[in-house]
Amino acid sequence: MKKLLTILLSVFVLLTATACGDNVTSATTGESSTISQAEDFSKYELVEENGSLTLNITEFTDDGFKANKNGSDSDGTYYTVICSEKDKENICVADRVDISFEKLYKADENSFVVIPTKNAFVIYEPVDKPVIYLYPEEKTEVSVELDFNGQLMVTYPQYNNGWQVTAMPDGTLYDKDGNEYSYIFWDGISSIDYDFSKGFCVKGEDTTEFLRESLKRLGLTPREYNEFIVYWLPLMQSNKYNVISFQTDRYTDNAVLNVTPAPDTVIRVYMAYYGSDEYVDIAPQELSVPDRLGFTLVEWGGTEVRR
């Protein structure tokens, strides 16, 4: 009987994850029993009131879901978040969510119970592989600081209150130890609300040509747009349609770059998209080519938005 229940629970979790789309990844879960919403929480130690947590969902339960702070549960600590079926409709296993809570209880040494507030879940979307190219007119010491409305996950070179690099006219970068880089790389998670009021609906099989032509019009060189396509095409070409919108203020207002010395030309290309099984009628977006004059900074990146 116990084996049968384990199999049924595994099937439920698998079906729940599959329904959420390609953004779902496997997750490690802790051992715990479901805690009923009707249970008397006074038997637990009250740790904190009116706080917040950023958690990675690992498993759904009858009364909510289990989660941990880093996705890998390396320290064995997990949280049981109590919520309704309606609350669970827009979240998935492997989502990273910001949870505002009324009460946080300690159930035992490695487990906590979270009583969230209403409308408490803010889902973080990935900000994938923004890369920054620097093209000064002569060898230049450059400082780049990023004011990001989100959480940085990976940076290369390592971000330490900014990036300090020596930039060459061909775009080659060197750190203080003489290590060479083609560009500055970073990614993170954020709750940016992307704008799909204008954009394009493109067949998956036509995505390569669309990206090549659109990125040219947005001012990227062959080297830059080919590196963009190599990263994004494998994620997009199998969709029946891709609904694509290049973000401007929605992205740059949430990821502000402070560069010293200031570039003469800044080109920041950021694509938000989602896959669709049906054609979506969307107002076309105008794309323009900026002139590259003087010291030029170029950045590209993107995100797959869950719909």
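Each remark here, short or long, concerns the structure printed above.
Remember, it's a predicted structure, so these values are computed and weren't measured experimentally. Note on numbering: residues in each chain are counted from 1, in written sequence order. Local features are withheld for residues below a pLDDT of 70 in this predicted model, meaning they are given only at 70 or higher, and side-chain atom pairs are given and counted only at 80 or more; totals for whole chains, interfaces and linings count all residues. The basis for every side-chain value is the complete set of heavy atoms in the structure, and neither hydrogens nor water enter the calculation.

Asker: It is not clear to me how helix H4 (residues 222-236) should be interpreted in this structure. Could you clarify?
Answerer: Because an α-helix completes one turn every 3.6 residues, residues spaced three or four positions apart along the sequence face the same direction. Taking 1.5 Å of rise per residue, the 15 residues of H4 would be expected to cover 21 Å, and the 20 Å separating its terminal C-alpha atoms lies within 8% of that figure. Two axes define the bend at a residue: one fitted to the seven residues ending there, one fitted to the seven starting there, and the bend is the angle between them. In DSSP terms, a helix is any run of H or I states spanning at least four residues, a strand is any run of E spanning at least two, and both are numbered starting from the N terminus. Along H4, the sharpest change in direction is near 30° and occurs at Val-230; proline Pro-234 comes one to four residues later. Residue contacts follow a heavy-atom distance rule, with two residues in contact if any of their heavy atoms lie within 4.5 Å. Of the surrounding elements, those touching the buried residues of H4 are strand E6 (125-135), helix H3 (207-217), strand E14 (241-247), strand E16 (265-276) and strand E18 (296-304). Any helix carries an expected span of 1.5 Å times its number of residues minus one.

Asker: Sorry, what's going on with the packing of aromatic side chains here?
Answerer: How two aromatic rings sit relative to each other is given by the distance of their centres and the angle of their planes. Note on ring pairs: Phe, Tyr and Trp rings are taken, using the six-membered ring of Trp, and paired if centres are within 6.5 Å. Classes follow the plane angle, with under 30 degrees stacked, over 60 edge-to-face and the rest tilted. Here the structure, examined in full by the defined rule, presents 20 aromatic pairs. Taking the centre distance of 6.2 Å and the plane angle of 10° together, the rings of Tyr-133 and Tyr-135 count as stacked. Tyr-133 gets classed as buried once you look at its relative accessible area, which sits at 1%. The buried category is assigned to Tyr-135, whose relative accessible area is 13%. Type-normalised accessible area, obtained with a 1.4 Å probe on protein chains alone, sets the label of each residue: buried when under 20%, exposed when over 50%, and partly exposed for intermediate values.

Asker: Before we go on, may I ask you to explain the sheet that holds E18 in this structure?
Answerer: Strand pairing in a sheet relies on backbone hydrogen bonds. The paired strands run either parallel or antiparallel. Taken in spatial order, the eight strands make up an open sheet running E8-E12-E6-E18-E16-E14-E13-E17, and their pairing is mixed. Unpaired on one side and paired on the other, strand E8 (151-156) and strand E17 (283-284) mark the two borders of the sheet. Two strands are counted as paired when DSSP detects at least two bridges linking them. With seven bridges joining them, E14 and E16 adopt antiparallel strand pairing. In the sheet register, Asn-242 faces E16, and the bridge partner there is Gly-275.

Asker: Looking at this model, I keep getting lost on unusual backbone geometry. Mind explaining?
Answerer: Glycine aside, residues mostly have negative phi angles, and peptide bonds mostly take the trans form. Of note, the bond from Tyr-156 into Pro-157 is cis; its omega dihedral lies within 30 degrees of zero at 0°. With respect to the helices and strands, Pro-157 occurs in the loop between E8 and strand E9 (163-167). In this chain, Thr-260 is followed by Pro-261 through a cis amide linkage whose omega measures -5°. One can find Pro-261 in the loop between strand E15 (255-260) and E16. The backbone of Lys-129 shows a phi angle near 45°, a positive value even though the residue is not glycine. Here Lys-129 lies in strand E6.

Asker: Explanation requested: the environment of Ala-283 in the structure shown.
Answerer: Within the secondary structure layout, Ala-283 lies in strand E17. Judged by its relative accessible area of 36%, Ala-283 falls in the partly exposed class. Linking Ala-283 and Phe-196, residues 87 residues apart in sequence, is a C-alpha distance of 9.1 Å. The contact partners of Ala-283, leaving out residues within four places of it in the chain, are Ser-197, Lys-198 and Gly-199.

Asker: Where do I start with the pairing of strand E1 (residues 45-61) in this structure?
Answerer: For a regular strand, side chains alternate in direction, first toward one face of the sheet and then toward the other. With ten bridges joining them, E1 and strand E4 (residues 96-108) adopt antiparallel strand pairing. Paired with Leu-53 across the strands is Ile-99, a residue of E4.

Asker: Help me understand the sheet that holds strand E11 (residues 180-181) in this model?
Answerer: Spatially, the five strands line up as an open sheet ordered E11-E10-E9-E7-E15, and their pairing is antiparallel. Unpaired on one side and paired on the other, E11 and E15 mark the two borders of the sheet. Two strands pair when backbone bridges link them, and strand E10 (residues 173-174) and E11 are joined in this way by two bridges, in the antiparallel orientation. Of the residues in E11, the one forming a bridge with Tyr-174 is Glu-180.

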